[in-house]
Structure formats: C-alpha cells, structure tokens
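# Remarks on the overall topology
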Amino acid sequence: MSRVGLEGQVAVVTGAARGVGELLARKLSARGATVALVGLEEEALKEVSGRLHGDSAYWYADVTDHEAMSRVAREVKERFGKVDIVVANAGVANGGPFADSDPGAWRRVIEVNLIGSAVTGRAFLPVLTESRGYLLQIASLAAITPAPMMTAYCASKAGVEAYAHSLRAEVGHQGVRVGVGYLSWTDTDMVRGADQDEVMRELRQRLPWPANKTYPLGPAVDRIVAGIERRSAHVYGQRWLRGMQGVRGYLPALIGTVGQREMKRFAPRLQGMRTGLVGAGGAADEEARATHRN
C-alpha cells in the first residue's frame, strides 16, 4: 500500500505524556506533522510539546469525558485548520485475581481503554470525515488472546478491537480509514509498573516465547508510524503478532487449560497483591480523578 506523507498533516495523539504516545508524537513531528497532544498530565504534555520539531499544542482532558473531548476536537480544528490523523492511545491497566480486584480500578480500565476510545472516535469523526482522515485505535496482544490476572485489560482491548473493526465498516464509504494497532509487552511505564509485582512478573516470564519478552519501544513505534503512513487496517508493533491472527481461535481453550495449572501453582502467593492501576500513567489517572472529586 502506498504511503501518505506526514508533511503538513495534523495528528492528534491521546495519552501523549509518556510511553507509546510520547514517542509517537515525537516521531510524527520529526516527519513533518503538526501534533496535538491530549492527556491528563499537563506539565508532562507541556514538556513533550516543547521538544517537538514543528508546530504543536497540548490539551488537558479525560478521554472518558465526552464534553471535554468534543471541546478538544473543536479547538484543535480551530487552531490548526483540520485534523488528518487521530491515534486513540490513552490506556491504563491493573492486574491480579478478578475475585479480589478493586472494583473501581477494574471499572476504570474499561472506562479509559474502551469507553474513552469510543468517546475519542465520536468527538473526532466529524473532522476526520472532512479531511477523509485516519483513526488508529491502539489495542494489544490482549485483544487476541485472553490471560488470567488481566480480566479488565483483556476485556477492554478485545472490546476496543471489535469497536474499531465495526467502525471501519461504517465510515469507510465516507473516506475515513480505521486501523487497529497491536502491541505485545513493550518497554513502557505501564509494563514496568506491572512488573513491580513479583507474581505478575513471574507469570509473564513463564509465557511461551515470544510472548514472554519485553520489547523495546522505539522499533514498535516506528512500525506504528509506518502503519499511519499507509493508513493500514492492521498495524503490528512486533512482527510476530501478525501470525497470532491465524491461531487466535484456538487460544481461549489453550489458555483455559494451561492457565488453570499456572494459577494453581501461584495460588499461595496471590493474597495481598496490589489491585489498583499500575505505572506512572495509572497514578496520574488516579490523581486526576481524586482532584476532580475534591
């Protein structure tokens, strides 16, 4: 598929304060795109914006807030004249046994990853229709295969994958393309935060190769950028993830069998696991909601 040059394109990236979003913003900017950063960490967004190569701006907003995201879409259009690309990247995670999970944290993972992505799409579809643009929804290996101790994250990513595939069929005739981006364990604050729990770290290390590795961020984001340039329907941060699509139908039964054995092995160590949101991004989300409540 031919590539669309990023020079002069206006790209919106949610969850842009750190990790995938921050590096993606830098790489899009280096290729000539004007970048609008959206997230909950205002000072971090300001710092990222200040390091970009070309024109940029940042907006503090919760992706689950429809009024706020509609305002952001309107203001980005007013500031830059158009929107060509939207990357729905904002996400949070928690871990641990479902029965012992924090109900608030479990719900928040669904709210940010799934509902927040849909809110983002709803807010920006009018301007993407005007530009015949591209929406890239960041999903995960967790959309392809279930995993014990990750019920909220897997549910949210499977849901957001289905939402994006459905949306592609709805808006394609209007010239809007929709892609889904898949990432395995990638070196971000979220993954490092999950690894702080000894049980979660050991469970991941016991996964079969190549799913048991943590992959560097740079090459994964380079593949996302290439997918954006091609307006791809599927973007794989690690090449081997493409092969998972052909076997995904067999994975629930396999994981159901192997997972039971692993959970029995780890059962004595499961009590007392931290069940809140993980990583610096999770902490920022919790702080922002606490501030809003007060």
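My aim in this report is to walk through the structure given alongside it, one point at a time. (Residues numbered from 1 in each chain as written. Predicted model: local features only at pLDDT ≥ 70, side-chain atom pairs only at ≥ 80, totals over all residues. Heavy atoms only, no water.)

Of all the five residues making up strand 5 (residues 134–138), five are buried; the element is thus mostly covered by neighbouring parts of the structure. In strand 5, alternate side chains face the same way, and those of Tyr 134, Leu 136 and Ile 138 on one face and Leu 135 and Gln 137 on the other are all buried. Sheet topology places strand 4 (residues 85–88) next to strand 5; four bridges connect them, and they run parallel. Following the sheet pairing, Val 86 is matched in strand 5 by Leu 135. Between the parallel elements strand 4 and strand 5, the chain passes through helix 4 (residues 103–131) in a crossover that is right-handed. Bridge analysis of strand 5 against strand 6 (residues 177–182) gives five bridges, and the strand direction is parallel. Its bridge partner lying in strand 6, Gln 137 is registered against Val 180. Handedness of the crossover joining strand 5 and strand 6 through helix 5 (residues 151–171): right-handed. (Buried < 20%, exposed > 50% of the residue type's maximum accessible area, 1.4 Å probe, protein only. Helix = DSSP H or I, 4+ residues; strand = E, 2+ residues; numbered from the N terminus. Pairing = 2+ DSSP bridges. Right-handed = clockwise from strand over helix to strand, strands pointing away.)

All right, on to helix 10 (residues 251–266) then. Spanning 16 residues, helix 10 covers 21 Å between terminal C-alpha atoms, matching the ideal 22 Å at 1.5 Å per step. The largest bend in helix 10 is about 25 degrees, located at Gly 259. Those residues of helix 10 that sit buried are Leu 251, Gly 259, Glu 262 and Phe 266. For helix 10, the secondary structure elements touched by its buried residues are helix 7 (198–205) and helix 9 (241–244). (Expected span 1.5 Å × (residues − 1). Bend = angle between axes of the 7 residues up to and from the residue. Contact = heavy atoms within 4.5 Å.)

Before going further, it helps to spend a moment on the nonpolar core. Membership of the largest hydrophobic core comes to 64 residues, with the highest contact counts inside it found for Val 12, Met 69, Val 76, Val 83, Phe 124 and Tyr 182. Ranked by the residues each element gives to this core, the list is headed by helix 4, at nine residues. Residues contacting Val 83, with those up to four places away along its chain left out, are Val 10, Val 12, Val 76, Phe 124, Val 127, Leu 128 and Ser 131. (Core = buried A, V, L, I, M, F, W, Y, C linked by side-chain atoms within 4.5 Å.)

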